[in-house]
Amino acid sequence: MPVTAASFKKLSTHIGTFSAYTNIGVIEDGKDLYVIDTGVNSADGEDIVKALKELYPSSSVKAILNTHSHSDHCGGNAKIQELTKAKIYAPFNESRLMEFPEAMIAMYWGAHPFEELRKIHYMQLEPTFPDTLIHANDEFNFGSASVKCIPLPGHYFDQTGFLVTDSSDGKKSFFLGDGLFGMSMIKKYWIPFMVDPNEFRKSVMLIDETQADFFIPSHGDVTEGDKIHALSEINIMITLETEILIIKTLQKASLTHEELLEAVAGFAGIDLKLGQYVLIGSTIKSYLSSLLDKKIVSYTIEDNRMLWSANKAQ
């Protein structure tokens, strides 16, 4: 779904969101506009500027706030900067990857990526250089709204959510990044990417405990007030389901990571393409790391193969 003026929805007097593949937050403060995340690529960045010009003809984007460094959240940064000279706010560690996006693909693959992998659209990201580095619990006052920066790690290293309070009506909108996922994304992918399942669950619980009028996941519908509890439970449940599936699979036989990926994807009915193979494969390794640290699984090196197995219950 492209970003257009018609896809914009006001949540409060000065806060709104564009509904798109990645939801885009907007704070309006007179002639200054602040954008939360910028979509997948330069086309999204151009669409955001065009739609905002239609909605707010006398205003311009003053700054971008990025939740994290994945391409579908900061892919429009460079184009928006080119068109508006906007400053970029980004979490401290995420900013390093925004400056050197090749490192992200190398992390997914575990080595320098080959050409076909580099050409996948969501693996591509034009480097941008944040002007303001965000740290945990930083607060910014933009006149019409105040923004509190809330750490939401797990999906990615230094992901940060933005709790935005409208100064006019007091309504709070919590922009979550990928701190949790909407139902449409869960139904489509079931095993979302994450670097640390334990931290992801902690972030979901923090979201669940936060008071807000609106919760805006980057992928999914705006959720109002107490309705966030059900979505939080589902997000925690899918990570626990994946963990249990891994443990039960490894109770039956010792497997390499690739054999485990095959088993988990097969159980979930996922027909892996290259991008999914890399991202879900990386996520399975994150689960294995977590389970190994908790001494639930272990590994051995046999015949030059790394074999994973579930430990017997004590």
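Everything that follows concerns the structure shown earlier in this document.
Residues numbered from 1 in each chain as written. Predicted model: local features only at pLDDT ≥ 70, side-chain atom pairs only at ≥ 80, totals over all residues. Heavy atoms only, no water.

### So, the layout of surface pockets
A volume near 540 Å³ is recorded for the largest pocket. Together, 23 residues line the largest pocket, and Y21, D72, Y122, F193 and L279 are the ones closest to its centre. Contributions of two or more residues to the lining of the largest pocket are made by helix 2 (71-74), helix 7 (183-189) and helix 11 (274-293). Of all the elements, helix 11 adds the most residues to the lining of the largest pocket, at five residues. Considered as a void within the structure, the second largest pocket measures approximately 290 Å³ in volume. Taken together, 13 residues make up the lining of the second largest pocket; nearest its centre are A20, N23, S184, H219 and G220. Its residues assigned to classes, the lining of the second largest pocket shows five nonpolar, five polar and three charged. (1 Å grid on protein atoms, 1.4 Å probe; cavity = no way out; pocket = protein on both sides within 12 Å on 5 of 7 lines; lining within 4 Å. Points joined across faces, edges and corners; volume = space filled by probe spheres on them. Helix = DSSP H or I, 4+ residues; strand = E, 2+ residues; numbered from the N terminus. Nonpolar A, V, L, I, M, F, W, Y, C, P; charged D, E, K, R; others polar.)

### Comments concerning the sheet that holds strand 7 (residues 132-134)
Strand pairing within a sheet occurs via backbone hydrogen bonds; the two strands may be parallel or antiparallel. The strand order across the open sheet formed by seven strands is 1-2-3-4-5-6-7, and the pairing between neighbours is mixed. Of all strands in the sheet, those bounded by a partner on one side alone are strand 1 (8-10) and strand 7. Each strand axis lies, on average, 25 degrees off the axis of its neighbour in the sheet, ignoring direction. Docked against the sheet, helix 3 (residues 77-84) engages strand 5 (60-65) and strand 6 (87-91), running at close to 150 degrees with respect to strand 5. (Pairing = 2+ DSSP bridges. Axes fitted to C-alpha atoms, helices over the stretch in contact; angles between N-to-C directions. Contact = heavy atoms within 4.5 Å.)

### Describing the sheet that holds strand 11 (residues 172-177)
In spatial order, the strands read 8-9-10-11-12-13; together these six strands make up an open sheet with mixed pairing. The open sheet has two free edges, formed respectively by strand 8 (139-141) and strand 13 (223-224), since each of these has just one partner strand. Inspection of the sheet shows strand 12 (residues 214-217) paired to strand 13 by two bridges, in the antiparallel sense. By the bridge assignment, F214 is partnered in strand 13 with E224.

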